Amino acid sequence: MILGILGSCRKDKPATQEILDPITNPDIDDTFLVSDSRYKKGDIRRYGIYPNQKNEPKVVQQVITLAESGLPIFFPKGYYPMSLVIKGQSNIQLHFDDVIIGGGLQIIDFKKKPSTKIAIKGKLTVLDKIFIKRSNNISFDTLVVMTDTLKNINRRSNRGVSIYSGSEILKFEHLEIKDTGGKEDSYYKHTASALQIHGWNHNPKHIYIKNLHIDNADRTALYITGSNHKLERVNIENFGLGTNRNMFQLEDAAPGEEMEFAGVWINRCNNCEFDFVTINDQYKRARYSLKLDEGKYAEPTFIYNLEIKGMAKELSILDDELTNILVKKAN
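Everything numeric in this text was worked out from a predicted model, so none of it was measured.

1. Details of the overall build of the protein chain
Part 1 of the reasoning: Tallying secondary structure elements over the protein chain gives one helix and 20 strands in all.
Part 2 of the reasoning: Against the 2.2 N^0.38 benchmark of 20 Å for 331 residues, the protein chain shows a C-alpha radius of gyration of 20 Å, consistent with a compact globule.
Part 3 of the reasoning: Seen through its C-alpha atoms, the protein chain measures out along the principal axes to roughly 65 × 45 × 35 Å.
Part 4 of the reasoning: Sequence-distant contacts in the protein chain: of pairs separated by 6 or more residues, those separated by 24 or more amount to 69%.
Part 5 of the reasoning: Split by element, the accessible area of the protein chain, about 14,800 Å² in all, is 47% carbon and sulfur.
Part 6 of the reasoning: With 45 positive and 42 negative side-chain charges, the protein chain shows a spacing of 3 Å between the two charge centroids.

2. Section: the confidence of the model for the protein chain
Low pLDDT marks regions whose predicted coordinates should not be analysed in detail.
Part 1 of the reasoning: Summary statistics for the protein chain give a mean pLDDT of 94 and a share of 95% for residues scoring 70 or more.
Part 2 of the reasoning: Low pLDDT, under 50, characterises residues 1-11; the predicted model gives this stretch 25 contacts beyond four residues in sequence or across chains.

3. A word on the pattern of salt bridges
Part 1 of the reasoning: Across all of its chains, the model carries 17 salt bridges by this definition.
Part 2 of the reasoning: For Arg245, the salt bridge identified is with Glu184, shortest N-O distance 3.3 Å. Here Glu184 lies in the loop between β10 (168-178) and β11 (193-197) and Arg245 lies in the loop between β14 (230-239) and β15 (262-270), a separation of 61 residues in the sequence.
Part 3 of the reasoning: What makes Glu184 partly exposed here is its relative accessible area of 42%.
Part 4 of the reasoning: Residues joined in a network through salt bridges with shared partners are Lys77, Asp98 and Lys123.

4. Overview of unusual backbone geometry
Part 1 of the reasoning: For Lys117, which is not a glycine, the phi torsion comes out positive at approximately 55°.
Part 2 of the reasoning: Note on placement: Lys117 falls in strand β6 (residues 116-126).
Part 3 of the reasoning: Non-glycine residue Ile169 carries a positive phi angle of around 60°.

5. Let's talk about the packing of aromatic side chains
Part 1 of the reasoning: Scanning the entire structure with this criterion turns up seven aromatic pairs.
Part 2 of the reasoning: Here the aromatic rings of Phe75 and Phe96 are separated by 4.6 Å at their centres, their planes lie at 25°, and the arrangement is stacked. Residue Phe75 is located in strand β1 (residues 73-75), and its partner Phe96 is located in strand β4 (residues 90-101); the two are separated by 21 residues in the primary sequence. In terms of burial, Phe75 and Phe96 fall into one category: buried.
Part 3 of the reasoning: Look at Phe140 and Phe172: their rings are 4.8 Å apart centre to centre, the planes differ by 5°, and that puts the pair in the stacked class.

6. A short note on the side chain of Glu273
Part 1 of the reasoning: Tracing the chain through its elements places Glu273 in strand β16 (residues 273-281).
Part 2 of the reasoning: A polar contact of 3.2 Å, which involves the side chain of Glu273, links it to the side chain of Lys230.
Part 3 of the reasoning: Within polar-contact distance, the side chain of Glu273 engages the side chain of Tyr304 at 2.7 Å.

7. Description of the environment of Pro76
Part 1 of the reasoning: In this structure, Pro76 sits in the loop between β1 and β2 (78-80).
Part 2 of the reasoning: Of the residues examined, Pro76 reaches a relative accessible area of 7% and is grouped as buried.
Part 3 of the reasoning: Counting along the chain gives 19 residues from Pro76 to His95, while the straight-line C-alpha distance between them is 8.5 Å.
Part 4 of the reasoning: Leaving out residues up to four positions away in the same chain, Pro76 has contacts with Asp43, Ile44, Arg45, Pro51, Asp97 and Val99.

8. Things to note about the pairing of strand β5 (residues 105-108)
Part 1 of the reasoning: Relative to β5, strand β3 (residues 84-87) is paired through four bridges, and the arrangement is parallel. Bridge pairing in β5 links Val85 to Gln106.
Part 2 of the reasoning: Where β5 lies against strand β7 (residues 129-132), three bridges are found, and the strand directions are parallel. Of the residues in β7, the one forming a bridge with Ile107 is Ile132.

9. Digging into helix α1 (residues 57-68)
Part 1 of the reasoning: With twelve residues, α1 should cover 16 Å at 1.5 Å per step; its first-to-last C-alpha distance of 17 Å lies within 8% of that length.
Part 2 of the reasoning: Those residues of α1 not exposed but buried are Val60, Val63, Ile64, Leu66 and Ala67. Seen from one end, α1 has its buried residues packed into an arc of 155°, which puts them on one side.
Part 3 of the reasoning: Of the surrounding elements, those touching the buried residues of α1 are β1, β3 and β4.
Part 4 of the reasoning: Immediately downstream of α1, the backbone of Gly70 shows phi near 115°, a positive value.

10. Overview of the environment of Thr278
Part 1 of the reasoning: Position of Thr278 relative to the elements: it lies in strand β16.
Part 2 of the reasoning: Exposure remark for Thr278: the relative accessible area of 15% places this residue in the buried category.
Part 3 of the reasoning: On a C-alpha basis, the gap between Thr278 and His213 in space is 9.6 Å, while along the polypeptide they are 65 residues apart.
Part 4 of the reasoning: Dropping the residues within four chain positions of it, Thr278 is found in contact with Val234, Asn235, Ile236, Glu307 and Lys309.

What counts, and at which threshold
- Residues numbered from 1 in each chain as written.
- Predicted model: local features only at pLDDT ≥ 70, side-chain atom pairs only at ≥ 80, totals over all residues.
- Heavy atoms only, no water.
- Helix = DSSP H or I, 4+ residues; strand = E, 2+ residues; numbered from the N terminus.
- Rg over C-alpha atoms; globule rule 2.2 N^0.38 Å.
- Contact = heavy atoms within 4.5 Å.
- Areas by Shrake-Rupley, 256 points an atom, 1.4 Å probe, with all protein chains shown as cover.
- Lys, Arg positive; Asp, Glu negative; His and termini not counted.
- Charge placed at Lys NZ, Arg CZ, Asp CG, Glu CD.
- pLDDT = per-residue confidence, 0-100.
- Salt bridge = Lys/Arg side-chain N within 4 Å of Asp/Glu carboxyl O.
- Buried < 20%, exposed > 50% of the residue type's maximum accessible area, 1.4 Å probe, protein only.
- Phe/Tyr/Trp six-rings, centres within 6.5 Å; stacked < 30°, edge-to-face > 60°.
- Polar contact = N/O pair within 3.5 Å; in protein donor to acceptor, adjacent residues only side chain to side chain.
- Pairing = 2+ DSSP bridges.
- Expected span 1.5 Å × (residues − 1).
- Arc of directions from axis to C-beta.

Below you can see the structure in the form of structure tokens.
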């Protein structure tokens, strides 16, 4: 399929939304939680949480609550066989010194109260799933989602990243997703894409990703809906490697469409920008390299530079007659 290269200039770019940072208070009294005074205030070891050993989930949540009081929390380098949950909380700043957590990361609302002003600093590697829902003003420095079945607390492949309904104003400097699973058992039922940004009737808004790299996705690599997103560099390497059996459908897509895997699937994505998109594949197991699905004609989405490489060149491109996606330059 030949893409038309449209040379018109866009009049209105996505509105830049400044992210609100957490309000910090390093002078907060933490003595009620101290169990190891050898470490300075904010170091999780001070509160009895250590790398490379099991830690009590209740204490972990107490430290997250302490962070909500304004104290930046520091995680020293190492492996933590646990999950992190931020639920209806705000003003949290967590610093990770090349940390691996064996479970997942959730940043979600609680009783209609969103989680907001959350800063994840440093490098964090997650071995299961990242789920963000009805929350806003969240920033990440370097976030890696990868598979390590020996260290994953469920002994499974990772389930990717899901940015769901009501999520707004998120910023990722570097997001890397590798070897996302897609077997037919129910564990992967809601993993239709390595990175899925969706949520019918309250789609995510203002998602900024400077560098996105997705490798070896068992299903679709990137599925994106919503408005006013900006992705600077998107690199997709290998996708559609798993099965489409026992999958839950993706919101905003017609039933069954989620079973036709693609490298990049842009659907009902309005007033968004993709600066550079590279789609490469060496297995040719998916149906599409690129799906340009429908959107609002008056709010066009632009791919400024598109490169399709390897066996991905032999895959189809879906170009919906109601698409609002314009490709400026393609190789």
